[in-house]
Amino acid sequence: MATTREIKGAAEEAGNHAAEAAQSVGNTIKNGIDKTTGELHHLRDRLSANGAHLEDELRDAGKRFSEGAKKFSEAAGEQVREHPLAAFGIAFAAGLIVSRWLRSR
């Protein structure tokens, strides 16, 4: 039969092993958290850079679209000035078609 002193010593030893294991697990978790945090910071930086690049691309596309719309508007205006009767006829026919289409719905 084990004495109280032997049981106390075994309990202390088991407690020490448990503390060491807990510290080891804690260090492993901390290392994992540190690594994940670093990767998240890297991802944030990449997303920020990609967002800035995308913003520039969209701004350029908007400028190109605006220029194209302006050129189309100028060309359409010029055609209407050169052929006013044809422009009126086309507008009248388009209005007639749209009104019949809307009435049938």
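Above this text is the structure in question.
Let us look at the structure shown here.

### With respect to the pattern of salt bridges
Then step 1. In total, this model carries 4 salt bridges according to the counting rule given.
Then step 2. Its salt-bridge partner being Lys30, residue Asp34 comes within 3.1 Å of it at the nearest N-O pair. Linking Asp34 with Lys30, this pair stays in helix α1 (residues 4-82), spanning 4 residues, or about one helical turn.
Then step 3. Using a relative accessible area of 48% as the deciding quantity, one classes Lys30 as partly exposed.
Then step 4. Here Arg59 ties to Asp56 by a salt bridge, and the two come within 3.2 Å at their closest N and O atoms. You can see Arg59 and its partner Asp56 sitting in helix α1, 3 residues apart, about one turn around the helix.
Then step 5. Overall, Asp56 belongs to the partly exposed group, its relative accessible area being 40%.

### Describing the packing of aromatic side chains
Then step 1. A full pass over the atoms with the stated rule returns 1 aromatic pair.
Then step 2. Here the aromatic rings of Phe88 and Phe92 are separated by 6.4 Å at their centres, their planes lie at 25°, and the arrangement is stacked. With Phe88 and Phe92 both in helix α2 (residues 84-104) and 4 residues apart, the pair spans about one turn of that helix.
Then step 3. For Phe88, a relative accessible area of 57% translates into the label exposed.

### Focus: a nonpolar patch on the surface
Then step 1. On the surface, Val25, Ile29 and Ile33 cluster together to form a nonpolar patch covering roughly 270 Å² of accessible area.
Then step 2. Within the secondary structure, Ile33 sits in helix α1.
Then step 3. Judged by relative accessible area, which is 49%, Ile33 ranks as partly exposed.

### So, the environment of Thr4
Then step 1. Positionally, Thr4 belongs in helix α1.
Then step 2. Along the sequence, Thr4 and His41 sit 37 residues apart, while their C-alpha atoms lie 54 Å from each other.

Parameters at a glance
Residues numbered from 1 in each chain as written. Predicted model: local features only at pLDDT ≥ 70, side-chain atom pairs only at ≥ 80, totals over all residues. Heavy atoms only, no water. Salt bridge = Lys/Arg side-chain N within 4 Å of Asp/Glu carboxyl O. Helix = DSSP H or I, 4+ residues; strand = E, 2+ residues; numbered from the N terminus. Buried < 20%, exposed > 50% of the residue type's maximum accessible area, 1.4 Å probe, protein only. Phe/Tyr/Trp six-rings, centres within 6.5 Å; stacked < 30°, edge-to-face > 60°. Patch = residues over 30% accessible without salt bridge, like charges linked within 9 Å, V, L, I, M, F, W, Y side chains within 5 Å. Areas by Shrake-Rupley, 256 points an atom, 1.4 Å probe, with all protein chains shown as cover.

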